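Single-letter residue listing:
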Amino acid sequence: MTRVLTVGAAQLGPIQRSDTRAAVVKRLVDLLEQAAAHGCNLVVFPELALTTFFPRWWMTDQDEIDSFFEREMPSRETAPLFEAAQRHGIGFYLGFAELVVEAGSVRRFNTSIFVDARGRIAGRYRKIHLPGHAEHEPWRAFQHLEKRYFEVGDLGFGVFRSMGANMGMCICNDRRWPETYRVMGLQDVEMVLLGYNTPRHNPPAPDHDRLSEFHNQLCMQGGAYANATWVVGVAKAGVEEGCELIGGSSIIAPSGQIVAQALTQDDELVVARCDLDMGLSYKRSTFNLARHREPEHYRMIVERRGAVPPKD
Ligand code: CDV
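What counts, and where the lines are drawn
- Residues numbered from 1 in each chain as written.
- Predicted model: local features only at pLDDT ≥ 70, side-chain atom pairs only at ≥ 80, totals over all residues.
- Heavy atoms only, no water.
- Salt bridge = Lys/Arg side-chain N within 4 Å of Asp/Glu carboxyl O.
- Helix = DSSP H or I, 4+ residues; strand = E, 2+ residues; numbered from the N terminus.
- Near = heavy atom within 4 Å.
- Polar contact = N/O pair within 3.5 Å; in protein donor to acceptor, adjacent residues only side chain to side chain.
- Areas by Shrake-Rupley, 256 points an atom, 1.4 Å probe, with all protein chains shown as cover.
- 1 Å grid on protein atoms, 1.4 Å probe; cavity = no way out; pocket = protein on both sides within 12 Å on 5 of 7 lines; lining within 4 Å.
- Sits in = over half its atoms within 2 Å of the grid points.
- Patch = residues over 30% accessible without salt bridge, like charges linked within 9 Å, V, L, I, M, F, W, Y side chains within 5 Å.
- Phe/Tyr/Trp six-rings, centres within 6.5 Å; stacked < 30°, edge-to-face > 60°.
- Buried < 20%, exposed > 50% of the residue type's maximum accessible area, 1.4 Å probe, protein only.
- Lys NZ or Arg CZ within 6 Å of the ring centre and 35° of its normal.
- Pairing = 2+ DSSP bridges.
- Axes fitted to C-alpha atoms, helices over the stretch in contact; angles between N-to-C directions.
- Contact = heavy atoms within 4.5 Å.
- Expected span 1.5 Å × (residues − 1).
- Arc of directions from axis to C-beta.
- Core = buried A, V, L, I, M, F, W, Y, C linked by side-chain atoms within 4.5 Å.
- Parallel < 35°, antiparallel > 145°, perpendicular 65-115°, else oblique.

Caption draft 1: Fine view of the pattern of salt bridges. For the structure shown, the criterion picks out 28 salt bridges. Across the salt bridge formed by E98 and R126, the nearest N and O atoms sit 2.9 Å from each other. Of this pair, E98 sits in strand 3 (residues 91–102) while R126 sits in strand 5 (residues 121–126), placing them 28 residues apart in sequence. The partner of E303 in a salt bridge is R299, with the nearest N and O atoms 4.0 Å apart.

Caption draft 2: Structural view of the site of the ligand. What surrounds the ligand is the set E47, F53, K127, P131, H144, E146, C172, N173, R175, R176, N197 and T198. A distance of 3.2 Å separates a nitrogen atom of the ligand from a polar side-chain atom of E146. Protein chains shield 87% of the accessible area of the ligand, which is 320 Å² for the free molecule. At a threshold of 2 Å from the grid points, most atoms of the ligand map onto the second largest pocket.

Caption draft 3: Structural view of a nonpolar patch on the surface. Taken together, the side chains of Y298, I301 and V302 define a hydrophobic patch exposed on the protein surface, amounting to about 320 Å² of accessible area. Tracing the chain through its elements places I301 in helix 9 (residues 299–303).

Caption draft 4: Summary view of the packing of aromatic side chains. Overall, the coordinates contain 11 aromatic pairs when judged by the stated rule. With 5.1 Å between their ring centres and 80° between their planes, F82 and F92 make a pair best called edge-to-face. A residue pair is termed long-range when its members are at least 10 positions apart, and F82 in helix 3 (residues 79–88) and F92 in strand 3 qualify at 10 residues. Measuring from ring centre to ring centre gives 6.2 Å for Y225 and Y282, while their planes differ by 85°; the resulting arrangement is edge-to-face. Here the residue Y225 occupies a position in helix 6 (residues 212–227), and Y282 occupies one in helix 7 (residues 280–283), the gap between them amounting to 57 residues. The partly exposed category is assigned to Y225, whose relative accessible area is 34%. For Y282, a relative accessible area of 22% gives the class partly exposed. Note that R17 overlies the ring of W57, its terminal NZ or CZ placed 4.9 Å from the centroid. Here the guanidinium or amino end of R56 rests over the ring plane of W57, the centre of that ring lying 5.3 Å away.

Caption draft 5: Seen up close, the sheet that holds strand 1 (residues 4–11). Ordered by their spatial adjacency, 6 strands build an open sheet running 5-4-3-2-1-14, and the pairing between neighbours is mixed. The open sheet terminates on both sides in strands that have one partner only, identified here as strand 5 and strand 14 (268–275). For this sheet the average axis-to-axis angle between neighbouring strands, irrespective of direction, equals 35°. Helix 1 (residues 21–37) rests against strand 1, strand 2 (42–44), strand 3 and strand 14 of the sheet, and its axis sits at about 45° to strand 14.

Caption draft 6: Spotlight on the side chain of S212. Turning to its location among the elements, S212 is positioned in helix 6. Here R200 takes part through its backbone oxygen, which lies 3.1 Å from a polar atom of the side chain of S212. Here S212 is in contact with R200 and I246, once residues within four sequence places are set aside.

Caption draft 7: Here's a closer look at helix 1. Taking 1.5 Å of rise per residue, 17 residues should cover 24 Å, and helix 1 covers 24 Å from first to last C-alpha, within 8% of that figure. Among all positions of helix 1, only R21, V24, V25, L28, V29, L31, L32 and A35 are buried. Down the axis of helix 1, the sector holding all buried residues measures 160°, keeping them to one side. Opposite the buried face of helix 1, at more than 90 degrees from it, the exposed residues are A22, K26 and A37. Packing partners of the buried residues in helix 1 comprise strand 1, strand 2, helix 3, strand 3 and strand 14. Just past helix 1, the residue G39 takes up positive phi, approximately 80°.

Caption draft 8: The nonpolar core, seen in detail. Counting 43 residues, the largest nonpolar core has V7, M167, M191, L193, V232 and I251 as the members making the most contacts within it. Every residue in contact with L193, bar those within four places of it in the chain, is listed here: L42, V44, Y93, F114, M167, G168, M169, C170 and V232. Counting residues in each nonpolar core, the second largest holds 27 residues, with A10, L12, L31 and L269 among its members.

Caption draft 9: Layout of the packing of helix 1 against helix 3. At a closest axis distance of 9 Å, the pairing of helix 1 and helix 3 adopts a crossing angle of 10°. As judged from the angle between their axes, helix 1 and helix 3 are roughly parallel. Residues V25, L28, V29, L32, E33 and A36 of helix 1 lie in contact with helix 3, whose contacting residues are P80, L81, A84, A85, R87 and H88.

Caption draft 10: Just the sheet that holds strand 13 (residues 258–261), in detail. Overall, mixed pairing links the 6 strands, which are arranged 6-7-8-9-12-13 in an open sheet. Because the sheet does not close on itself, it has two edges, and the strands there are strand 6 (159–162) and strand 13. Averaged over neighbouring strand pairs, the angle between their axes works out to 20° when direction is ignored. Bridge count between strand 7 (residues 165–171) and strand 8 (residues 191–196): 5 bridges; the pairing is parallel. Following the sheet pairing, M167 is matched in strand 8 by M191. Relative to strand 7, helix 5 (residues 178–185) is tilted by about 160°, and along the sheet it contacts strand 6, strand 7, strand 8 and strand 9 (230–235). Packing against the sheet, helix 6 makes contact with strand 8, strand 9, strand 12 (250–252) and strand 13, and its axis sits at approximately 25° to strand 12.

Listed below in C-alpha cells is the structure:
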C-alpha cells in the first residue's frame, strides 16, 4: 500500500505592518480552504506567518516588540485557522513569534508548530540558526535583528511521528545548513517542513542578491537528496514595507527534484502528492547511512564551530 500525503505549500504575499491578525488569519483560512478543495492532507505556511517580518526594524520599546509575539496558541485571533483545519481534517505547519514564561522568565523564540489532522499540536520547533545581528547597524538598508529579538531554539531538530510520517521542521536560515537536514536524516525523517522570509537584498554581501533564488533551491534540493526526504519550503514573498522577499515556494522530492513551485510573489497554493516511501530506494542504496557513514571522521563538525585554516 502506498503512503501518500497530499501537501499544499501555502505561500503568502506580503503582510504590511497595518494588516491586522484577523485579516492575515482570513488569508490563511482562504488558502487552507483551497487546499481542502484540492484534497490536501497537510498545508505548510511560512515563517512568522501572522505578522510582517518585524526584525527588519530597530525597536527599543519592549511593548512594541512584544506586540508581534503570540502568548498562546491557538489564541482568539488564530482560532479560526485551527477550526477550519479541524473541520476539513487537514494538518498544518505554522510559523510565529512565540513568547513564553518558563520558570518565571520571559523567553522569546522564532517558532513553528505542527498541528495534526485532529487539531492537536503534535510538534514544536524553535529556530536554531538565527541570522543577522543583535545591535543597531544604521548603514544597512534595513535591519535583520533576529539575534536581538529571539533566543536560540532549545528543542533541537526533533523528528516526530504524525499523520503516518516521520516529520521534521526547521525555519528559514536553518535550510542553508547541511547539519539541519542530517540531524533529521539520522532520525529517518521522511518530510521536512520549513517556512522562510528571505529578503532579496543581503546588506553584508550585495553581490549575492542576484543569486537569491538559486541559493534557495540549491540548499533545499541538496538537503532533500542527501537525506532522501521530502522538503516543503514555503515563502512569505513580495514587497513588504518596502523590502522585497523572494518567493519560489517548493515541494521537493527525495530525489532532489522540484515537484511543484509557486510562480508568483503573492498568496498562492501549490500542491503535490507526496509518496512517503519514495525515499526508500535512496535510503537503501546511496544514502544507506548505517552502511556508508564514517562518523569517526566527522568529529570536527561538533567539536569545532568556525573554520581554522591549516598551518603553513
Ligand atoms: N528569516 C531568515 O532567516 N532569513 C535569512 C536571511 C537573512 C539570509 C535566510 O537565510 O533566508
